[in-house]
Amino acid sequence: MPRNGKPTRDRILDNAQRLTLDKGFAATSVDEVIAASNSSKGAFFHHFPSKSDLGRALLTRYAEADVAALVAFMELAEATTEEPGEQVLEFIRLFEEIGDDIIEEQQSSCLYVSFVHDRQLTADGSTHVIEEAIRAWRTRLAQKLVAASLTRPGLTTIDLDALADHVFVTFEGAFILARATADPSAMRSQLRILRELLHALLGQPQPPG
C-alpha cells in the first residue's frame, strides 16, 4: 500500500508558513524549511520540485482557508438577522470577537503581505491567488451592501465595491499595525472602529417605497 505523504507535506507547509510569516518568503531558504520540518531533501522535493512550487502551495492553502473563513463567518452572521446591513456589521463583530486569537495564530502577520512583493512569485503569476481571494471578499461583501442600499439611502452615493474592499484592507492593515507596534489588540480595536464607522454610514433602514 502506498504511504500517505499528506502528513509530511502538511508539516513542511506548516513550518514554511511559520518561517515566512516570521522573516518573509524571499529570506526563507529551502534548507531552513527542511530543517524546521524535520524532513529530508528527498521528501521536500518530492512534494515541491522548487521553492516557487512551495510558494504557490502556501498561497493556495492560505487563500482557501481565508475564503472559507469569509464564507463561514458570513453564514453565521446570516443566521442572526435577515437584514443585509446588519449581517455585514455582525460579520465584522464576529471577527472582532476573536481578534486576539487571529493575531496569535497568524503571528501578527498575513501571508499575503509576505508574498505580494516577491518578484519571482509575481513574475510567474502565483500571486493571482491573492487577487482571487480579494475578489471573493469584494463580491460577498458588495452583494450585502447592494442589498442593504435598497433600504439605506446613505449607501446610494457610495462606491460599494470600494467600501467592500475597505473591509478587506482594514484586516490587512491591522496585521501590519499589530506587528509594527507589537500590540496584539490592534486587530480587535481596528475592527471595532470599522464596525462603528460602518454603522454610522449605513444609518437606519427605511421602509420600502
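Residues numbered from 1 in each chain as written. Predicted model: local features only at pLDDT ≥ 70, side-chain atom pairs only at ≥ 80, totals over all residues. Heavy atoms only, no water.

### What to know about the overall build of the protein chain
Piece 1. When its secondary structure is counted, the protein chain shows 11 helices and zero strands.
Piece 2. Counting from the amino terminus, helix and strand elements in the protein chain follow one another as α-α-α-α-α-α-α-α-α-α-α.
Piece 3. Overall, the protein chain is about 65 × 40 × 35 Å in size when its C-alpha atoms are taken along their principal axes.
Piece 4. Split into buried and exposed, the 209 residues of the protein chain put 43% on the buried side.
Piece 5. Measuring between centres, the 21 positive side-chain charges of the protein chain sit 6 Å from its 30 negative side-chain charges. (Helix = DSSP H or I, 4+ residues; strand = E, 2+ residues; numbered from the N terminus. Buried < 20%, exposed > 50% of the residue type's maximum accessible area, 1.4 Å probe, protein only. Lys, Arg positive; Asp, Glu negative; His and termini not counted. Charge placed at Lys NZ, Arg CZ, Asp CG, Glu CD.)

### A closer look at the packing of aromatic side chains
Piece 1. Evaluated as defined, the whole model comprises 12 aromatic pairs.
Piece 2. With a centroid separation of 4.1 Å and 20° between ring planes, the pair formed by Phe73 and Phe95 is classed as stacked. In this pair, Phe73 is assigned in helix H4 (residues 51-80) and Phe95 in helix H5 (residues 84-97), connecting sequence segments 22 residues apart.
Piece 3. Among the aromatic side chains, those forming a connected cluster through ring pairs are Tyr62, Phe73, Phe91, Phe95, Tyr112, Trp137, Phe168 and Phe171.
Piece 4. The residue whose ring lies beneath Lys51 is Phe25, and the NZ or CZ to ring-centre distance is 4.7 Å. (Phe/Tyr/Trp six-rings, centres within 6.5 Å; stacked < 30°, edge-to-face > 60°. Lys NZ or Arg CZ within 6 Å of the ring centre and 35° of its normal.)

### Examining the side chain of Ser149
Piece 1. Mapped onto the elements, Ser149 comes out in helix H9 (residues 128-149).
Piece 2. Residues within four places of Ser149 in sequence aside, it is in contact with Leu155, Thr156 and Leu160. (Contact = heavy atoms within 4.5 Å.)

### Observations concerning the domain arrangement of the protein chain
Piece 1. When cut into domains, the protein chain gives domain 1 (1-48) and domain 2 (55-202).
Piece 2. Domain 1 and domain 2 are separated by 28 Å when their C-alpha centres are compared.
Piece 3. Every contact between the two is made by 13 residues of domain 1 and, on the other side, 15 residues of domain 2.
Piece 4. Counting each side, the surface lost to burial between domain 1 and domain 2 is near 1200 Å², with a carbon and sulfur contribution of 58%.
Piece 5. In terms of surface lost to domain 2, no three residues of domain 1 exceed Gln17, Leu21 and Phe25, which account for 56% of the buried area on that side.
Piece 6. At the boundary of domain 1 and domain 2, one finds two salt bridges.
Piece 7. Grouping the constituent residues of the side of domain 1 that touches domain 2 by class yields six nonpolar, two polar and five charged. (Domains from an automatic or database assignment. Buried area = accessible area lost by both parts, 1.4 Å probe. Salt bridge = Lys/Arg side-chain N within 4 Å of Asp/Glu carboxyl O. Nonpolar A, V, L, I, M, F, W, Y, C, P; charged D, E, K, R; others polar.)

### Considering the environment of His128
Piece 1. Within the fold, His128 resides in helix H9.
Piece 2. Once the C-alpha coordinates of His128 and Phe48 are considered, the two residues, 80 residues apart in sequence, prove to be 19 Å apart.

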